[in-house]
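Chain by chain, the residues:
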Amino acid sequence: MPRDGTGPAPVIPNPIQIKYYGNSSAPACYAPDMDSETRFLPRTDADQLLERLRVSGFPRILGPVARDGSLVFSPIHQWSQLPAGIRDMQTPGTYRLHRHADPLCFAWANGPQALKPLTFAGRELLWRAERHHETAAPVFEHAEDTPEPTAVLGIRACDLAALALQEKHFTHGRFPDPFFGRRRRSLFLIAVHCSHPASTCFCASTGDGPTVTRGHDLVLAELDEGYLISAGSRGGRRLLKDMALPPATAAQVQWAERASARATAAQMRHLPGRHLKQPIHDRLEARHWSRVGERCLSCGNCTAVCPTCFCHMELDEPALSGHRTEHLRQWSSCFNAEHSYMGHFLVRSDTRLRYRQWLTHKLAGWHEQYGRSGCVGCGRCITWCPVGIDITAEVAALLAEEIHAQPS
Ligand code: SF4
Ligand code: SF4
């Protein structure tokens, strides 16, 4: 809804309807909409979807845009701003875009960021305190952001799974995070089935992709001539009904299913299982931690691009006048030395220990906290690691090592 409260009510999925599954290998997410029909949106008419989003109360639409050599979610106003013909080439430590002579707008795997910055800001004000004159008591004020209703187009299955994990972290328990909650409720999510995984992708082995099955409001499958479109939420169903599109043909649906099967088969990397807690905990003293610690730069790139990492720090920025201070939250990383500073010493004083912390938390500790691994197989930590450290290769090397007796 516009900030002045006028205009139609936005079609926002109700977060209370989040459904969690008992199966620890399945991500928590919105229940898939099994009843929705698949419709066909011709490519020449694709701007109709953007227009329908705007009249449904989403003046801000973000989509993937090729900028500064990568694909980033940016405001779009027309379908022609999407990256038609763009492909990505990702290998450990490398990300490149190149152009093909075709009209496909979603024939790439992912960019450096998923949805995380839209719900968990990289740096934000939590509260401020101000003293209006020397003898007055300070007045405390909460930061109250009002996120603009936003439709996000082009989300992948792995990123929806990551969002579901972040929801578990931020919005459940005794102290749900109001900043995350407000932003999450402002989003309308239009996913696209992945048809061109990168060499670094392994979401099929984590059970999170490449086909979108849950967590979306709408989902598209891209064909040469246009898009198959179906709904995954009440809001998505309403919007699709308003568009009055023709049903997809059986041949189009089969074509999209084959594209999804090809995308699954194309993934060459994998994790050796979805329940690695015990084998990893059995190897806390493995020699391999030192080998990877020698290569790791402790730069934290992997945690910055990881769509599930949520570590942060809080800091105060007092004004020089001494009358005002702001309390901020900012992304942090278990690779930062000070992140483990406790009682005048660093718990994780070297890179070997920091990498071990990251990997054991991601693939083992998350099972205890959130009922599943913290990795959705997006491959970003592999692509954006400056020295090409590959989580799938490191886990394979670790598990190949014999079990060491743990120190008592
Ligand atoms: S650990 Fe790596 S592959 Fe797994 S979700 Fe995070 S960035 Fe993606
Ligand atoms: S694994 Fe790679 S990206 Fe992560 S901290 Fe080490 S060098 Fe940086």
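For the structure itself, consult the block above.
Note that the coordinates shown come from a computational prediction; the quantities given were computed from them, not determined experimentally.

Undergrad: Any chance you could explain the overall build of the chain here in plain terms?
TA: A count of helices and strands for the chain gives 13 helices and 15 strands. Within the chain, the proportion of its 408 residues that are buried is 51%. In the structure as shown, the chain presents an accessible area of about 18600 Å², 55% of it carried by carbon and sulfur atoms.

Undergrad: Before we go on, may I ask you to explain the site of ligand 2 in this structure?
TA: Neighbouring ligand 2 are 13 residues, the closest being Cys296, Leu297, Cys299, Cys302 and Cys385. A class-by-class count of the residues in the shell around ligand 2 yields 10 nonpolar, three polar and no charged.

Undergrad: What am I meant to see in the side chain of Arg380 here?
TA: Mapped onto the secondary structure, Arg380 falls in helix α12 (residues 380-383). Among the polar contacts made by the side chain of Arg380, one reaches the main-chain carbonyl oxygen of Pro112 at a distance of 3.4 Å. Not counting chain neighbours up to four residues away, the residues in contact with Arg380 comprise Asn110, Gly111, Pro112, Gln113, Ala114, Asp159, Val305 and Pro307.

Undergrad: What am I meant to see in the packing of helix α11 (residues 351-370) against helix α13 (residues 391-400) here?
TA: Running from N to C, α11 and α13 point in directions that differ by 95°, and their axes come no closer than 12 Å. Here α13 runs roughly perpendicular to α11, going by the angle between their axes. Where α11 abuts α13, its residues Tyr355, Trp358, Leu359 and Leu363 lie against Ile391, Glu394, Val395 and Leu398. Counted by class, the contact of α11 with α13 contains seven nonpolar, no polar and one charged residues.

Undergrad: Mind showing me how you'd approach unusual backbone geometry here?
TA: For residues other than glycine, phi is negative in most cases, and the peptide bonds are mostly trans. The peptide bond linking Gly209 to Pro210 adopts the cis configuration, its omega dihedral lying at 0°. Summarising the element assignment, Pro210 is placed in the loop between α5 (203-206) and β10 (218-223). Phi angles above zero are rare outside glycine, and Asp68 is one such case at about 55°. With respect to the helices, strands and loops of the structure, Asp68 is situated in the loop between β2 (60-67) and β3 (70-75). If you check the backbone angles, Ser298 has positive phi at about 55° while not being a glycine. Inspection of the secondary structure puts Ser298 in the loop between α9 (288-295) and α10 (301-305). By relative accessible area, Ser298 is classed as buried at 14%.

Undergrad: Would you mind going over the site of ligand 1 with me for this structure?
TA: If you check the shell around ligand 1, you find Phe202, Cys306, Pro307, Trp358, Cys375, Val376, Gly377, Cys378, Gly379, Cys381 and Ile391 and nothing else. Looking at the shell around ligand 1 residue by residue, the classes come out as nine nonpolar, two polar and no charged.

Undergrad: What am I meant to see in the pattern of salt bridges here?
TA: Oppositely charged side chains can pair when the atoms bearing their charge come close. Inspection of every chain in the model, using the stated rule, returns 24 salt bridges. Note that Glu317 is salt-bridged to Arg123, the shortest N-O span being 2.6 Å. With Glu317 in strand β12 (residues 312-318) and Arg123 in strand β6 (residues 123-130), the pair connects residues that are 194 residues apart, well separated along the chain. With relative accessibility at 36%, the residue Glu317 sits in the partly exposed group. When its relative accessible area of 43% is taken as the criterion, Arg123 is described as partly exposed. Between Arg131 and Glu134 there is a salt bridge, with its nearest N and O atoms 3.9 Å apart. Classification of Arg131 as partly exposed rests on a relative accessible area of 28%.

What counts and what doesn't
- Residues numbered from 1 in each chain as written.
- Chains lettered and ligands numbered in written order.
- Predicted model: local features only at pLDDT ≥ 70, side-chain atom pairs only at ≥ 80, totals over all residues.
- Heavy atoms only, no water.
- Helix = DSSP H or I, 4+ residues; strand = E, 2+ residues; numbered from the N terminus.
- Buried < 20%, exposed > 50% of the residue type's maximum accessible area, 1.4 Å probe, protein only.
- Areas by Shrake-Rupley, 256 points an atom, 1.4 Å probe, with all protein chains shown as cover.
- Near = heavy atom within 4 Å.
- Nonpolar A, V, L, I, M, F, W, Y, C, P; charged D, E, K, R; others polar.
- Polar contact = N/O pair within 3.5 Å; in protein donor to acceptor, adjacent residues only side chain to side chain.
- Contact = heavy atoms within 4.5 Å.
- Axes fitted to C-alpha atoms, helices over the stretch in contact; angles between N-to-C directions.
- Parallel < 35°, antiparallel > 145°, perpendicular 65-115°, else oblique.
- Salt bridge = Lys/Arg side-chain N within 4 Å of Asp/Glu carboxyl O.

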